[in-house]
Amino acid sequence: MTVSEAENARQYGDVHKIAARARLHTRYTIADIGWFPWVAAQLPMFDGAHLLDVGCGPGWFWRSCGPLPADLNLTLTDRSAFMVADARERCSALALGSLSGETADAVNLPFADDCFDGVIAMHMLYHLDDPARAIAEMARVLKPGGFLAVTTNGIGNMREIYALTTVLGGLPMDPAAARFGFAEAENLMRQTFGAVTVRRHPSRMRVTGPEDIFLAMTSFPPCEDAGEADLLAFRHAINEAFARGGGAIETEQERGLFLSRKAV
């Protein structure tokens, strides 16, 4: 097992770590429309479409995005077999035309050319060593005229919260955005498809639960490997930030959607 595969197993062998991160967003995000419904509203889905979700995770998007087109045919893939199984079970209650799922690597998708009307890759390309190759693979399996939708974070996302992780050796910025942020997403999509539409979800956070920050930020490297003394220092940094903020930490979110179509 390579290091990346080992980390994938540690992070996504069950839902506990990803749930800790998701809880921070679901409890404290302030927005006119939630993230999942907002993304769904941007996608050119239609009745009977065949869609591929690459890096589907637990399938929360499909259960939370609102009404879906009739007879939607959904294929779920993820590097984690647990996530695929969990997502399939969660999506089985949806009124779909068909539902399938299999373990797959984004840079080597086990599907024929030109077979999907749309491909969705939500907050997963920053996990890859070669996101350009993955985008090319997704373009390959798209039908002419089909769409690719990619989501990721901007470098300023939750800056006040990520700055606290420096006491644990973390970056003072969103590490996902540092690897694959807005600029990288737009550039690679434009290189592959020629044109890309960029949309940003207007939202912010007001976090009133210190423990939710602690659990979310210590759910991924390097913070999850910190020793007891460093974790105590992190809790102290969080408590000081809450004291300065009058019992809350306010921060801007930067989450974006990048949408392209394959040439006809």
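Here the residue index of a chain counts from 1 through its sequence in written order. The model is predicted, so local features are restricted to residues of pLDDT at least 70 and side-chain atom pairs to those at 80 or more, both for listing and for counting; the totals for chains, interfaces and linings are taken over all residues. Side-chain descriptors were evaluated using all non-hydrogen atoms of the structure, hydrogens and water having been removed beforehand.

J.: Honestly, the overall build of the protein chain in this entry has me stumped. Any pointers?
T.: Strands are runs of DSSP state E lasting at least two residues, helices are runs of H or I lasting at least four, and both sets are numbered from the N terminus onward. Check the secondary structure of the protein chain and you find eleven helices and ten strands. Its C-alpha atoms give the protein chain a radius of gyration of 19 Å, near enough to 18 Å, the size a compact globule of 264 residues would have. Overall size of the protein chain, expressed as C-alpha extent along the three principal axes, is 55 × 45 × 40 Å. The burial tally for the protein chain puts 49% of its 264 residues in the buried class. Residues are treated as being in contact if the distance between any of their heavy atoms lies within 4.5 Å. When contacts within the protein chain are restricted to residue pairs at least 6 apart in sequence, long-range pairs at least 24 apart make up 78% of them. Methods summary: accessible areas were calculated by the Shrake-Rupley approach with a probe of 1.4 Å, and residue burial reflects only the protein chains presented. Approximately 11,900 Å² of the protein chain is accessible, and the part contributed by carbon and sulfur atoms is 52%. Between the centroid of the 24 positive side chains of the protein chain and the centroid of its 32 negative side chains there is a distance of 3 Å. For the radius of gyration, the atoms used are the C-alpha atoms, and the globule rule reads 2.2 Å times the number of residues raised to 0.38. Only protein chains enter the accessibility calculation, which uses a 1.4 Å probe. A residue is then buried if its area is under 20% of the maximum for its type, exposed if over 50%, and partly exposed in between. Lys and Arg are tallied as positive, Asp and Glu as negative. Neither His nor the chain termini are counted. Each charge is placed at NZ for Lys, CZ for Arg, CG for Asp and CD for Glu.

J.: What am I meant to see in the nonpolar core here?
T.: Side chains of a nonpolar character, in soluble globular proteins, are inclined to be buried together. Val119, Leu125, Met138 and Leu148 are the most contacted members of the largest nonpolar core, which totals 30 residues. Elements with a minimum of two residues in this core: strand S2 (50–54), strand S5 (116–122), helix H6 (131–141), strand S6 (142–153) and helix H9 (182–193). For methionine 138, the residues in contact, after removing those within four places along its chain, are Val54, Ala106, Leu109, Val119, Ala121, Met124, Leu125 and Leu148. Judged by nonpolar contacts, the second largest core, of 24 residues, contains Ala49, Leu51, Cys91 and Ala149. Definition used in this section: a nonpolar core is a set of buried Ala, Val, Leu, Ile, Met, Phe, Trp, Tyr and Cys residues joined via side-chain atoms within 4.5 Å.

J.: I tried to follow helix H5 (residues 81–91) on my own but got confused; where do I start?
T.: An α-helical segment advances 3.6 residues per turn. Residues three or four places apart therefore align on the same side. Within H5, burial applies to Met83, Val84, Asp86, Ala87 and Cys91. Across the axial projection of H5, the buried residues extend over an arc of 170°, all falling on one side. Along the arc lie the directions from the helix axis toward the C-beta atoms.

J.: Just checking my understanding: could you explain H6 for this structure?
T.: Residues of H6 that are buried: Pro131, Ala134, Ile135, Glu137, Met138, Ala139 and Val141. Looking at the buried positions of H6, the neighbouring elements they touch are S2, S5, S6 and H9.

J.: Before we go on, may I ask you to explain the packing of helix H2 (residues 16–28) against helix H10 (residues 210–217) in this structure?
T.: A packed helix pair is summarised by two numbers, namely the angle formed by the two axes and the spacing between the axes. For helices, the fitted line uses only the C-alpha atoms of the stretch in contact; every axis is such a line through C-alpha atoms, and the angle between N-to-C directions lies from 0 to 180 degrees. Two elements in contact, H2 and H10, have axes whose closest approach is 7 Å; the angle formed by their N-to-C orientations is 145°. The handedness of the crossing between H2 and H10 comes out as left-handed. For the pair H2 and H10, contact is made by Ala20, Arg21, Arg23, Leu24, Arg27 and Tyr28 and by Asp212, Ile213, Leu215, Ala216 and Met217, respectively. Each residue is assigned to one class: nonpolar for Ala, Val, Leu, Ile, Met, Phe, Trp, Tyr, Cys and Pro, charged for Asp, Glu, Lys and Arg, and polar for all the others, Gly among them. Here the contact of H2 with H10 is built from residues that sort into seven nonpolar, no polar and four charged. Less than a right angle of anticlockwise turn of the near helix away from the far helix marks a crossing as left-handed, whereas a clockwise turn marks it as right-handed.

J.: Help me understand the packing of aromatic side chains in this model?
T.: The description of an aromatic ring pair rests on the distance of the ring centres and on the angle between the ring planes. A pair of Phe, Tyr and Trp rings is counted when the ring centres sit within 6.5 Å of each other, with Trp represented by its six-membered ring. The angle between the planes then sorts it: under 30 degrees is stacked, over 60 is edge-to-face, the rest tilted. Applying the stated criterion to the full structure yields six aromatic pairs. Note on phenylalanine 111 and phenylalanine 116: the rings are 5.2 Å apart at their centroids and 90° apart in plane angle, and the pair reads as edge-to-face. An aromatic cluster is built from Phe36, Phe61 and Trp62, whose rings are joined through pairwise contacts. Charge over a ring is defined by NZ of Lys or CZ of Arg lying within 6 Å of the ring centre and within 35 degrees of the ring normal. The ring of phenylalanine 214 carries the charged tip of arginine 235 above its face, separated from the ring centre by 3.7 Å.

J.: It is not clear to me how the pairing of strand S10 (residues 255–261) should be interpreted in this structure. Could you clarify?
T.: Consecutive side chains along a regular strand alternate between the two faces of the sheet. Counting buried positions along S10 gives six out of seven residues, so the element sits mostly inside the fold. Strand pairing requires that DSSP identify at least two bridges connecting the strands. As paired elements, strand S7 (residues 197–201) and S10 share five bridges and run antiparallel to each other. Each residue of the ladder has a partner; that of arginine 199, found in S10, is leucine 257.

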